[in-house]
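Notes for the structure review
Take a look at the letters that make up each chain.
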Amino acid sequence: MSAGVVFQEALRILNRQQFPEASRRDLLAVLEAALPGPLALLYDAGAEAGLPRHTLLARAAAIYIKYSTVNLCDDLSDGDCTYLSDPVRIGPCAQFLLQNLFFHLLVDLDLPKSVLSAVTHDIVVGAGLQDVELRTSQWTAPLYCEVADGIAGRQWAAYLQILWHGTPLAERAATIGMNLGRAVLGWEDIASADPRFTTLIEADQHEVVAWATTAAEALRQEHLQCLDAVLRTIDPVLEKKGKIT
């Protein structure tokens, strides 16, 4: 239910824009392709921080639109964008539209300049590490951790700084976001057998698992219910892989 209400808010935002109908259909496909993504976590994290419902939905929906933009970028780079009729021609335009919509929404959220600066800095640095990922053919543990901090850690640091601004959790947002990104990406790469992880030599795999496990343990020490729900999914995969490596 919580994930659904955030997604519906994202759809309402999309429908309010003056996009051509063909563009609207493409962008809907992009939003749907990213499901379920972080929808439930965003809602639960906003609720635990004590956000009013309208603020929670506005912030979480904007973040999901950004998340969907990143997902589209990944799919275009990997040749996995099967949900657009002509990904090579249409995909970059859809990404351009959604990226600009996110920044339009970010301004409307009325965040202070300091938060906007921190958030956009994390996004820019993370995008640079995405380029490093695409150009890497031989992975090592240090390079893996550097790229993961950019494409996942900084991404989640930005998301939580947006979501938790003005709440008692605001000062913890960047640190929690970095650790969340590290733990989630490590879990996802192990579970999906991503080449970023599987092509590492055994010693480097062990180092990456230990690194992700340390991040997960740091999340546990935050004593937040929204993070505990994520850890219940992450922990078994990290623990199993840790024993194997």
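Just above sits the structure.
For any pair of aromatic rings, the description consists of the separation of the ring centres together with the inter-plane angle of the planes. Within this structure, the stated rule accounts for six aromatic pairs. Among the aromatic residues, ring-to-ring pairing joins Phe7, Tyr64 and Tyr67 into one connected group.

With that settled, the discussion passes to the packing of helix α7 (residues 141-163) against helix α8 (residues 173-191). Running from N to C, α7 and α8 point in directions that differ by 130°, and their axes come no closer than 7 Å. Here α7 lies oblique to α8, going by the angle between them. Taken as a pair, α7 and α8 cross one another with a handedness that is right-handed. Contact with α7, carried on its side by Tyr144, Ala148, Asp149, Ile151, Ala152, Gly153, Arg154, Trp156, Ala157, Leu160 and Gln161, involves Ala173, Ala174, Ile176, Gly177, Met178, Leu180, Gly181, Arg182, Leu185, Gly186 and Asp189 of α8 and no other residues of that element. Its residues assigned to classes, the contact of α7 with α8 comprises 13 nonpolar, five polar and four charged.

In contact at an axis separation of 10 Å, helix α2 (residues 21-33) and helix α5 (residues 87-108) are set at 85° when each is read in the N-to-C sense. Judged on the interaxial angle alone, α5 and α2 are roughly perpendicular. Side by side, α2 and α5 meet where Ser23, Asp26, Leu27 and Val30 of the first sit next to Ile90, Ala94, Leu97 and Leu98 of the second. Among the residues making up the contact of α2 with α5, the classes are represented as six nonpolar, one polar and one charged.

Time to look at the environment of Leu56. Tracing the sequence through the fold places Leu56 in helix α4 (residues 53-78). Sequence spacing of Leu56 and Leu42 is 14 residues, and the spatial spacing of their C-alpha atoms is 8.5 Å. Not counting chain neighbours up to four residues away, the residues in contact with Leu56 comprise Tyr43, Gly46, Ala47 and Leu51.

Here the focus is the layout of surface pockets. When its volume is computed, the largest pocket comes out at roughly 1100 Å³. Taken together, the elements giving at least two residues each to the lining of the largest pocket come down to α3 (39-48), α4, α6 (113-135), α7, α8, α9 (195-198) and α11 (225-244). A class-by-class count of the residues in the lining of the largest pocket yields 23 nonpolar, nine polar and 10 charged. Roughly 320 Å³ of internal volume is contained in the second largest pocket. Every residue lining the second largest pocket is counted, 19 residues in all, and those nearest its centre are Lys66, Val70, Ile123, Gly126 and Ala127. For the lining of the second largest pocket, the secondary-structure elements that each account for two or more residues are α4, α5, α6 and α7. For the lining of the second largest pocket, the element with the most residues is α6, which contributes seven residues. Considering only residue class, the lining of the second largest pocket consists of eight nonpolar, eight polar and three charged.

Another point: the nonpolar core. If you look at the biggest cluster of nonpolar residues, it comprises 82 residues, and the most contacted ones within it are Ile65, Tyr144, Ile162, Leu163, Trp164 and Leu180. The biggest single contributor to this core is α7, with 13 residues. Each residue touching Leu180, except ones within four places of it in the same chain, is listed here: Leu41, Trp156, Leu219, Leu227 and Val230.

Thresholds applied
- Residues numbered from 1 in each chain as written.
- Predicted model: local features only at pLDDT ≥ 70, side-chain atom pairs only at ≥ 80, totals over all residues.
- Heavy atoms only, no water.
- Phe/Tyr/Trp six-rings, centres within 6.5 Å; stacked < 30°, edge-to-face > 60°.
- Axes fitted to C-alpha atoms, helices over the stretch in contact; angles between N-to-C directions.
- Helix = DSSP H or I, 4+ residues; strand = E, 2+ residues; numbered from the N terminus.
- Parallel < 35°, antiparallel > 145°, perpendicular 65-115°, else oblique.
- Left-handed = near helix turned anticlockwise from the far one by under 90°.
- Contact = heavy atoms within 4.5 Å.
- Nonpolar A, V, L, I, M, F, W, Y, C, P; charged D, E, K, R; others polar.
- 1 Å grid on protein atoms, 1.4 Å probe; cavity = no way out; pocket = protein on both sides within 12 Å on 5 of 7 lines; lining within 4 Å.
- Points joined across faces, edges and corners; volume = space filled by probe spheres on them.
- Core = buried A, V, L, I, M, F, W, Y, C linked by side-chain atoms within 4.5 Å.
- Buried < 20%, exposed > 50% of the residue type's maximum accessible area, 1.4 Å probe, protein only.

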